[in-house]
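Read off the chains here:
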Amino acid sequence: MPLIEVRALTKLYQMGDSVVRALDGVDLDIQRGEFVAITGASGSGKSTIMHLLGCLDRPTSGVYRLDGRDVSGLSDGELAVVRNQRIGFVFQTFNLINRATAWENVAVPLFYARKTNTKAPAFRALERVGLATRAAHQPNELSGGERQRVAIARAIVNDPLLVLADEPTGNLDTRTGEQIMEIFRGLNEQGVTVIMVTHELDIAQQARRIVQMRDGKILLDRPTADIVAERGPAPPRKLPSVETAPSAGAVLATEGSMGLRPVAPAASPAEVAVAQQEAPIAASALPPRMVRGATPAIVCGLIAAALCVLGYAAQVALQKIYDYKPEAMDPMHPKMPPMPMIIGSGIASLGMLVGIVLAILAIVFGYGARRRALTEIGNWQGRRRALVGLILGWVVVAVPVIVIILAVVKLATGGFGGAK
Ligand code: ADP
Ligand code: MG
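What you are looking at is a predicted structure, and each value in this text was computed from that prediction instead of being measured.

## Regarding the pattern of salt bridges
One pass over the full model with this rule turns up 15 salt bridges. Here Arg-7 and Asp-29 are joined by a salt bridge, their closest N and O atoms 3.0 Å apart. In this pair, Arg-7 is assigned in strand β1 (residues 4-15) and Asp-29 in strand β2 (residues 18-30), connecting sequence segments 22 residues apart. Here Arg-7 falls in the partly exposed class, since its relative accessible area comes to 32%. We note a salt bridge from Asp-159 to Arg-128, for which the minimum N-O separation is 3.8 Å. Taken together, the positions of Asp-159 in the loop between α5 (144-156) and β7 (162-166) and Arg-128 in helix α4 (residues 119-128) put the pair 31 residues apart, joining distant regions of the chain. Judged by its relative accessible area of 60%, Asp-159 is exposed. Since its relative accessible area comes to 35%, Arg-128 is described here as partly exposed. When salt bridges with common partners are traced through the structure, they connect Glu-5, Arg-7, Asp-29 and Arg-65 into a single cluster.

So this is what it looks like as structure tokens:
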């Protein structure tokens, strides 16, 4: 039984009055362990068939059986499960979460699969692409080739049936692209089934079978060895297109190199959907991360609260100790309160004042940290800590404000001494 069995697969797009036959009755079988390159000119239907094979989209008609199971009619939720468990994706634009480290990115499919053991498999996958030493780096600290290797590690971390790669070398220079192809070849030798879309003839020839598309149909489908035996290996990609074009009639080469090197296609809606819709959920399972400003906010808030509570307690205690009651002071025989009480009370007031200033600082730090944390996908730890500092600061500021408001209200309603 083939791993992939496609029959009369058709995808139509309605464009105004006309219908685009993006895929036009395609039949295709792919066995386990194959390494297939899908080539063809721009607009020939490569991405469309990849999206269907990757369960990112449903066909208009036709049958798609993956590992013996008809997936053409599954619901969105069921397709998502098939994608998560059965298929690894590698995109031209890497589609990594920038704020997560390499290993966290690799672990994303495991987070979805609600696996508890995520770190060890992620590190193993990184080892398979030769990137174990970069596990703790974020994507912006990695080169393009390394990012794509992280993406490949993510694609294989779940041991999928199938790895789909849409122009995986499209954003890389020739040499880096070759290294990436080396990795795909290695994975394929270890038994991973790989299907790759590429415009580049020399890249396509790294695969063991080449499927060439034109106008939504399969034009040619042959083992690479046969093609190379007939026409020789692909000329180097860097040569001008005129020289790369082989003898007339060599359809694959003319279509594959297509004159100019095509402009790198932008991320398709499906890629964007995968990146946007799945990343935040995945990131919620990421390990806690600090955010700058949260710790100062909490420290300032705590010290502020402590100073205010201590200061207030000191005032009350001093008044008790020296039995000081301002209201009991005899205006006829005024008397200074005891000196230690005056000094102590002054220090306590100063403490409370410093507390209020620190509380305001806590609020400033807290807002800054919270703003930063909100831009970090899934940084719940950072958000919580920023919020704690913020709340501490606001409470310390709010309590005296509320006391003053209450006093003013009481004064206005004749509360003080009026009833006696
Ligand atoms: P390739 O990846 O080989 O460049 P695609 O599979 O992206 O080609 O596109 C095949 C054809 O389907 C093209 O004519 C393209 O314009 C059309 N097409 C692809 N996606 C859509 C869409 N979402 N809406 C309308 N037409 C589309
Ligand atoms: Mg495409």
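## Describing the packing of helix α3 (residues 102-112) against α4
Running from N to C, α3 and α4 cross one another at 115 degrees; their axes reach a closest spacing of 8 Å. Viewed along their axes, α3 and α4 adopt a mutual orientation that is roughly perpendicular. The handedness of the crossing between α3 and α4 comes out as right-handed. Judged by residue contacts, Ala-102, Trp-103, Val-106, Ala-107 and Leu-110 of α3 engage Lys-119, Pro-121, Ala-122, Phe-123, Ala-125 and Leu-126 from α4. Here the contact of α3 with α4 is built from residues that sort into 10 nonpolar, no polar and 1 charged.

## A short note on the pairing of β1
In the sheet, β1 pairs with β2 via 10 bridges, with the strands oriented antiparallel. Its bridge partner lying in β2, Leu-9 is registered against Val-26. Joining the antiparallel neighbours β1 and β2 is a turn of 2 residues, in which Gly-16 adopts a positive phi near 65 degrees. Pairing analysis gives 5 bridges linking β1 to strand β4 (residues 61-66), with the strands arranged antiparallel. Within β4, the residue paired with Glu-5 across the bridge is Arg-65.

## Some details on the pairing of strand β8 (residues 193-197)
Burial analysis of β8 places 5 of its 5 residues in the buried class, which makes it a mostly covered element. A two-sided burial pattern is seen for β8, the buried positions comprising Thr-193, Ile-195 and Val-197 on one face and Val-194 and Met-196 on the other. The sheet contact formed by strand β3 (residues 35-40) and β8 spans 4 bridges and is parallel. Along β8, the bridge assignment pairs Phe-35 with Val-194. By the bridge criterion, 5 bridges tie β7 to β8 in an arrangement that is parallel. By the bridge assignment for β8, Leu-162 is matched with Thr-193. Assessed by its sense of winding, the connection that carries the chain from β7 through helix α6 (residues 174-189) to β8 is right-handed.

## Thoughts on the confidence of the model for the chain
Put simply, the chain has an average pLDDT of 83, and 84% of its residues get 70 or more. Overall, residues 239-269 carries pLDDT values under 50, and its contacts beyond four positions in sequence, including any with other chains, amount to 44 contacts. Every residue in residues 271-285 scores below 50 in pLDDT, and together they form 28 contacts with partners more than four places removed in sequence or on other chains.

## Here's the deal with the site of ligand 1
In the vicinity of ligand 1, the residues found are Tyr-13, Met-15, Val-20, Ala-22, Ala-41, Ser-42, Gly-43, Ser-44, Gly-45, Lys-46, Ser-47 and Thr-48. Backbone polar atom of Gly-43 to an oxygen atom of ligand 1: 2.6 Å apart, as the coordinates give it. Between ligand 1 and Ser-47 there is a distance of 2.8 Å, counted from an oxygen atom to a backbone nitrogen or oxygen. Contact with the protein chains hides 64% of the accessible area of ligand 1, taken as 550 Å² for the molecule alone. Looking at the shell around ligand 1, the elements that each hand over two or more residues are β1, β2 and α1 (46-53).

## Considering the sheet that holds β4
Spatial strand order, β2-β1-β4-β5: 4 strands in an open sheet with antiparallel pairing. Strand pairing shows two members of the sheet lacking a second neighbour, β2 and β5 (69-70), which therefore form its edges.

## What to know about helix α14 (residues 380-412)
Between the first and last C-alpha of α14 there are 46 Å, a value that for 33 residues agrees with the 48 Å anticipated at 1.5 Å per step. The largest bend in α14 amounts to roughly 25 degrees and is located at Ala-398, with the proline Pro-400 lying one to four residues further along. Among the residues of α14, those classed as buried are Gly-382, Arg-383, Ala-386, Gly-389, Leu-390, Gly-393, Val-396 and Val-397. Once α14 ends, the next one or two residues include Gly-414, with phi positive near 70 degrees.

## Things to note about the sheet that holds strand β10 (residues 217-223)
Read across the sheet, 6 strands follow the order β6-β7-β8-β3-β9-β10 without closing on themselves; strand pairing throughout is mixed. Each having just a single partner strand, β6 (87-91) and β10 make up the two edges of the open sheet. Across the sheet, the axes of successive neighbouring strands diverge by a mean angle of 15 degrees, strand direction being ignored. Against the sheet, α1 makes contact with β3, β6, β7, β8 and β9 (209-214), and its axis sits at roughly 155 degrees relative to β7, the strand it touches most. Packed on one face of the sheet, α5 meets β6 and β7 and runs near 165 degrees to β6.

About the criteria used
Residues numbered from 1 in each chain as written. Chains lettered and ligands numbered in written order. Predicted model: local features only at pLDDT ≥ 70, side-chain atom pairs only at ≥ 80, totals over all residues. Heavy atoms only, no water. Salt bridge = Lys/Arg side-chain N within 4 Å of Asp/Glu carboxyl O. Helix = DSSP H or I, 4+ residues; strand = E, 2+ residues; numbered from the N terminus. Buried < 20%, exposed > 50% of the residue type's maximum accessible area, 1.4 Å probe, protein only. Axes fitted to C-alpha atoms, helices over the stretch in contact; angles between N-to-C directions. Parallel < 35°, antiparallel > 145°, perpendicular 65-115°, else oblique. Left-handed = near helix turned anticlockwise from the far one by under 90°. Contact = heavy atoms within 4.5 Å. Nonpolar A, V, L, I, M, F, W, Y, C, P; charged D, E, K, R; others polar. Pairing = 2+ DSSP bridges. Right-handed = clockwise from strand over helix to strand, strands pointing away. pLDDT = per-residue confidence, 0-100. Near = heavy atom within 4 Å. Polar contact = N/O pair within 3.5 Å; in protein donor to acceptor, adjacent residues only side chain to side chain. Areas by Shrake-Rupley, 256 points an atom, 1.4 Å probe, with all protein chains shown as cover. Expected span 1.5 Å × (residues − 1). Bend = angle between axes of the 7 residues up to and from the residue.

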